[in-house]
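# Architecture at a glance
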Amino acid sequence: MSSEDLLARYTAAFMPNYGTPPVALVSGKGCTVRDADGREYLDFIAGIAVSSLGHAHEALVTAVTEQVRAIAHTSNLVVNEPEVLLAERLRRLLGGEGRVFLTNSGTEANECALKLAVKYGKANGRSYFVAAENGFHGRSMGALSLTGKRSIREPFGPFALDVRFVPYGDADALRRAVTEECAAVFLEPALGEGGVVPPPEGYLTTARQVCTDTGALFVMDEIQSGIGRTGTWFAHQHEGVRPDILTLAKGLGGGLPIGACIGFGPCGELFAKGDHGSTFGGNPISCAAALAVLTTIDKEGLLDNAARVGALLFDGLSAVDHPLLKGVRGRGLWLGVVLTADRAAEVEAAARDAGFLVNAVQPNVIRLAPPLIIAPDQAAALVEAFPSILDAVSVKKG
């Protein structure tokens, strides 16, 4: 089936919330993907920071194949070995602490965190939550109540929870907003959907101290930033802070749907039996995939690769001299290319024409989140092509 046929049938069969995507992918290997017409692209999106090991990595293929042959699903009524091994592995990566709840997605991980925070708040007379303007925590109603992106939040309000939004990175605003009546503060280590916006140095440390001083829970949303994307296992480790609750997803499964909510200290024991559940959470196939991802990241030195190749991308793109390029921000393989005008969608299209998949995450920002296995020469290929990609957009305007 051709790309044209697939896209037409997609448009007829699906709800219109995504519009019609521009590409129909059918296969991939490593950092290269192929569309239905046989055209190849270098993948700098990785399924929105999901495909940690790229496409068709043998470790992932083997783990999933062996697990589906053994047992594909168990539910939460029984225990399966992969979920136990995964929870133990995550605990080790986090210093041997924490209690884990496994979910199907990042949104559900944040819903779990929110329920923990609500229970904590009710038990301690705390009535409101604090989150960041332009932050993103998901689209289900609970997670959406914490999401500070007005365009996707406001059409579905009002919400049952009292959530107060502060400018991201403004430590003084955070201090003023968080009192002894605040149940929890929800933050990303950098705004992901907001355009890969890092906070000022020390902001997360301040947030941790504010929560400690007031008794509010500190919830760190690492759905997009975790599992090696910034060159460490978890982005909050760059600043040496520990949240009370950590949420993960995306890159954890390498392409299989999985999320995790991890509570530290008393937060790991807030739920009583029956307080929360998930039919597919802890699915053995997804857990086997996650174990393969974590093992491969360690075995192949992909934390170092993310830091090293990310620096090559950052430095190379920063050196591009073009009137449409304002600068580059981010860390590791999680970068935002900032434009001088709201033309990111056009740059995304021009990059696609040149054989690169990138993401216009904001009107003036291109997000780069390639697989952690990306090679230096593949990063260099995008850097080399970027001036002509920008030129193509400038010419179109003229």
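Before reading on, note that the structure itself is shown above.
Residues numbered from 1 in each chain as written. Predicted model: local features only at pLDDT ≥ 70, side-chain atom pairs only at ≥ 80, totals over all residues. Heavy atoms only, no water.

## Remarks on the state of the cysteines
What counts here: Two cysteine sulfur atoms form a disulfide, by the criterion used here, when they sit within 2.5 Å.
Under the defined criterion, the tally for this structure stands at zero disulfides. Unpaired in terms of disulfides, cysteine 211 finds its nearest cysteine sulfur in cysteine 182, a separation of 6.8 Å.

## What to know about the sheet that holds strand β15 (residues 365-368)
This is how it is decided: By definition, two strands form a pair when at least two bridges between them are found by DSSP. The secondary structure listing takes helices from DSSP runs of H or I that are at least 4 residues long and strands from runs of E that are at least 2 residues long, numbered from the N terminus. Inter-axis angles, ranging from 0 to 180 degrees, are taken between N-to-C directions of lines fitted to C-alpha atoms, where helices are fitted over the stretch in contact.
The strand order across the open sheet formed by four strands is β11-β12-β15-β14, and the pairing between neighbours is antiparallel. The sheet terminates laterally at β11 (325-331) and β14 (359-362), the two strands that pair on one side only. Within the sheet, the average angular offset between the axes of one strand and its neighbour, ignoring direction, is 30°. With three bridges joining them, β14 and β15 adopt antiparallel strand pairing. Note that in β15 the partner of glutamine 362 across the bridge is valine 365.

## Side note on the sheet that holds strand β13 (residues 356-357)
Strands sit in the order β1-β2-β3-β13 across an open sheet of four strands; the sheet is mixed. Among the strands making up the open sheet, the edge pair consists of β1 (25-29) and β13. Inspection of the sheet shows β1 paired to strand β2 (residues 32-35) by four bridges, in the antiparallel sense. For leucine 25, the partnering residue across the bridge sits in β2 and is aspartate 35.

## Examining helix α5 (residues 106-123)
Counting along an α-helix, one turn takes 3.6 residues, and residues three or four places apart therefore face a common direction. Basically, it comes down to this: Multiplying 1.5 Å by the residue count of a helix minus one yields the expected span of that helix. Think of it in three bands: with a 1.4 Å probe and only protein chains considered, a residue is buried below 20% of the maximum accessible area for its type, exposed above 50%, and partly exposed in between.
Taking 1.5 Å per residue, 18 residues should reach 26 Å; α5 reaches 26 Å between its end C-alpha atoms and fits that length. When we look at burial in α5, the residues that qualify are Gly106, Ala109, Asn110, Glu111, Cys112, Ala113, Leu114, Leu116, Ala117, Tyr120 and Gly121. Looking one or two residues beyond α5, the residue adopting positive phi is glycine 125, at roughly 65°.

## Thoughts on the packing of helix α3 (residues 58-70) against helix α10 (residues 284-299)
Quick note on the threshold: The labels follow the angle: roughly parallel below 35 degrees, roughly antiparallel above 145, roughly perpendicular from 65 to 115, and oblique for the rest. The handedness criterion is simple: a crossing whose near helix is rotated anticlockwise from the far helix by less than a right angle is left-handed, and one whose near helix is rotated clockwise is right-handed. Working rule for contacts: check all heavy atoms of both residues, and any pair within 4.5 Å makes them a contact. Ten residues, namely Ala, Val, Leu, Ile, Met, Phe, Trp, Tyr, Cys and Pro, are considered nonpolar, four, namely Asp, Glu, Lys and Arg, are considered charged, and the remaining ones, Gly among them, are considered polar.
Where α3 contacts α10, the two axes come as close as 9 Å, and the packing angle between them is 150°. Relative to α10, the element α3 lies roughly antiparallel. The handedness of the crossing between α3 and α10 comes out as right-handed. Residues Ala59, Leu60, Ala63, Val64, Gln67 and Val68 of α3 touch α10, and the partners they reach there are Pro284, Ile285, Ala288, Ala289, Ala292, Val293 and Thr296. Looking at the contact of α3 with α10 residue by residue, the class counts come to 11 nonpolar, two polar and no charged.

## Quick word on the packing of aromatic side chains
How we decide: Only Phe, Tyr and Trp rings are paired, with Trp represented by its six-membered ring, and only when their centres lie within 6.5 Å; those with planes under 30 degrees apart are stacked, over 60 edge-to-face, the remainder tilted.
Scanning the entire structure with this criterion turns up three aromatic pairs. Taken together, a centroid distance of 6.2 Å and an interplanar angle of 55° make the contact between phenylalanine 44 and phenylalanine 356 tilted. With phenylalanine 44 in the loop between β3 (40-43) and α2 (46-49) and phenylalanine 356 in strand β13, this residue pair connects regions lying 312 residues apart in the sequence. Ring geometry for tyrosine 168 against tyrosine 203: centres 5.5 Å apart, planes inclined by 65°, an arrangement best described as edge-to-face. Of this pair, tyrosine 168 sits in the loop between β6 (163-166) and α8 (171-177) while tyrosine 203 sits in helix α9 (residues 203-214); the two residues are 35 residues apart in sequence, bridging distant segments of the chain.

## Concerning helix α11 (residues 302-318)
Quick note on the threshold: Arc, as used here, means the arc of the directions from the helix axis to the C-beta atoms.
Between its first and last C-alpha atoms α11 spans 23 Å; for 17 residues at 1.5 Å apiece the expected length is 24 Å, and the two agree. Buried within α11 we find Leu302, Leu303, Asn305, Ala306, Val309, Gly310, Leu313, Gly316 and Leu317. The buried residues of α11 all sit within an arc of 165° when viewed along its axis, so they share a single face.

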